[in-house]
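The chain contents come next:
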Amino acid sequence: MLEKKVLDLLNQELDGTNSEKERVAVQNILQKRPKARKYFEDLQEISLIFQRTKNVPVPSHLKNRILNALPFPKPAAPIRLAPARSFLNELRTNLRYRYTYVFASGAVAGILLFAVFTSQPADSTNMIGTMASGQPAALAEANANIKLSEITGTVTARRFDSKVVADLNLQVPQEVDVILNFDEQQLRFDSFHPVADAQGTLVILEGQVRLTVSGQHQYQMTFTGNQDSRPPITVKLFARGILLSEYKLTFEQKENH
Amino acid sequence: MSQEQDAVLVRQCLDGNQKAFETLVDRYQRPIYNLALRFAARQEDAEDIVQTVFVKVYEKLNTYDPKHKFFSWLYKIAVNESINHLNRRKNLEQFQEELHSGQIEDEPQQDHELTKKIDSALLELKPDYRIVVILNHFQDLTYREIGHILDIHENMVKSRLFSARKKLRSILMKKGISHA
């Protein structure tokens, strides 16, 4: 029966992990002890047997099987934008919605009249409606012009105090993923506003917003951030999972006149 | 396959690049398939294991720590899934019978009969011992790499590996399996 120390040395010799001193000891043992020599030869035999059946080729269909099983896109539930027309169709056909619409319209009109007569100044941080009617000057701005073979457009990010407003104007012939990455410690996604009847799928993650679009559309996103920081926003365009282009929006101080 | 390249691919996957994940599948499907095949001894089961492993990797990609080697993390998932699969599978003795009687079909492979005998011999080892043999002999991993994958000390790896070889020696002799 071979001692544990000898068995360990023989196994390590097979694995090539013995030190120089241990290798010399093993050579000595193999020369003087037939049982140790037989044991070592058996270990080598095991290793050779395994080598013969080592690399089994992968079945050709396995990769597709794996890829088809993947849950793409990744986790967060998408927000689907309903086309505006379906609501209008409901108004035309559903009496219940007509009464609700009339009541809601009256309430909104009343609020607007109240706002006009009490002369409340527009909140400089409320971006909706200020685009057309004279907006406060942005403190900093970053732009990207997109000019790919089939995709054109612009991405503009403007900084207002603690808000960042990103305007996307895109023309894409096929479905494209637009991914905005940002430091979630410095910026938080706030709201999303498709312009007119723009459609698409929005996925919101920490530090990332993913918008899937096709056609010609405009979108506006707002973020809330720390007043003194101006973290960059990275914009990436993907088609069918392939990165087409990447832009880094770095804010530059605007001069106030 | 460098660790840096794997980390870049993982980062691209997390950015939404599916092509990057396909590259990882191309790189690692063969060793993972071989590991699963040695453990499960049946192609159909090995394919199930591999598919489950890559789906889990995809879903858990944001938990991967780039400080560690990607393939170690991947192998950990593959080993756990292989063991889980074994636990879910039918009674081992029944499976052994089917294997010997030829009811279980294998794809034509080089040294087909020898492969079946080796798989049968490996199945006689306890799972803890079988996995170190597979990772060392079929995946060429070092004691340290195996220890990291299995969360055990290097010395424990050596102890199990050397004991497994001792047992395999007598199993293979009994079955008349030799290299010649």
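All residue numbers here refer to positions counted from 1 along the written sequence of the relevant chain. The naming scheme follows written order: chains are lettered A onward, ligands numbered 1 onward. Reporting of local features is limited, given that this is a predicted model, to residues whose pLDDT is at least 70; pairs of side-chain atoms are given and counted only at 80 or more, and all residues count toward the totals for whole chains, interfaces and linings. Water and hydrogen atoms were dropped before computing side-chain values, which therefore reflect all heavy atoms in the structure.

Another aspect to go through is helix α1 (residues 4–15) of chain A. Each helix is a run of DSSP H or I of at least 4 residues and each strand a run of E of at least 2, with the numbering of both proceeding from the N terminus. The span one expects for a helix is its residue count, reduced by one, times 1.5 Å. The end-to-end C-alpha distance of α1(A), which contains 12 residues, comes to 16 Å, matching closely the 16 Å that a straight helix rising 1.5 Å per residue would cover. A simple rule labels every residue: compare its accessible area, found with a 1.4 Å probe on the protein chains alone, to the largest value its type can have, and call it buried under 20%, exposed over 50%, or partly exposed in between. All buried positions along α1(A) are accounted for by A:V6, A:L7, A:D8, A:L9, A:L10, A:N11, A:Q12 and A:E13. Two residues form a contact once any of their heavy atoms are found within 4.5 Å. Against the buried residues of α1(A) lie α2 (20–32) and α3 (34–52) of chain A together with α8 (143–150) and α9 (154–175) of chain B.

All right, on to the packing of aromatic side chains then. Residues and elements named next belong to chain B. Side-chain rings of Phe, Tyr and Trp, where Trp is taken by its six-membered ring, are said to pair if the distance between their centres is within 6.5 Å; with planes under 30 degrees apart they count as stacked, over 60 as edge-to-face, and otherwise as tilted. Tallying each qualifying case throughout the model produces 12 aromatic pairs over all chains. Seen in terms of ring centroids, Y64 and W73 are 5.3 Å apart; in terms of plane orientation they differ by 50 degrees. Their pairing is tilted. Overall, the relative accessible area of 7% leaves Y64 in the buried class. Owing to a relative accessible area of 16%, W73 belongs among the buried residues under this scheme. Aromatic rings pair up to connect Y28, Y64, F70 and W73 into one cluster. Charge over a ring is defined by NZ of Lys or CZ of Arg lying within 6 Å of the ring centre and within 35 degrees of the ring normal. In this structure, R130 packs its charged tip against the face of F39, placed 4.8 Å from the ring centre.

The subject of this paragraph is the layout of surface pockets. Each cavity reported here is a set of points on a 1 Å grid over the protein atoms alone in which a 1.4 Å probe fits but cannot get out, each pocket an open set with protein on both sides within 12 Å along at least five of seven lines, and each lining residue one with an atom within 4 Å of a point. Grid points are joined across faces, edges and corners, and a volume is the space filled by probe spheres set on the points. Approximately 530 Å³ is the volume found for the largest pocket. Lining the largest pocket we find 21 residues, and of these A:E206, A:Q208, B:R11, B:L14 and B:N62 sit closest to its centre. Elements represented by at least two residues in the lining of the largest pocket include exactly β7 (208–225) of chain A together with α1 (3–14) of chain B. The biggest single contributor to the lining of the largest pocket is α1(B), with four residues.

Residues and elements named next belong to chain B. You will see that D140, though not glycine, has its phi angle at about 55 degrees, which is positive. Even without glycine at this site, D151 takes up a positive phi of about 60 degrees. Secondary-structure assignment places D151 in the loop between α8 and α9.

Don't take any of this as a statement about function, it's just geometry.
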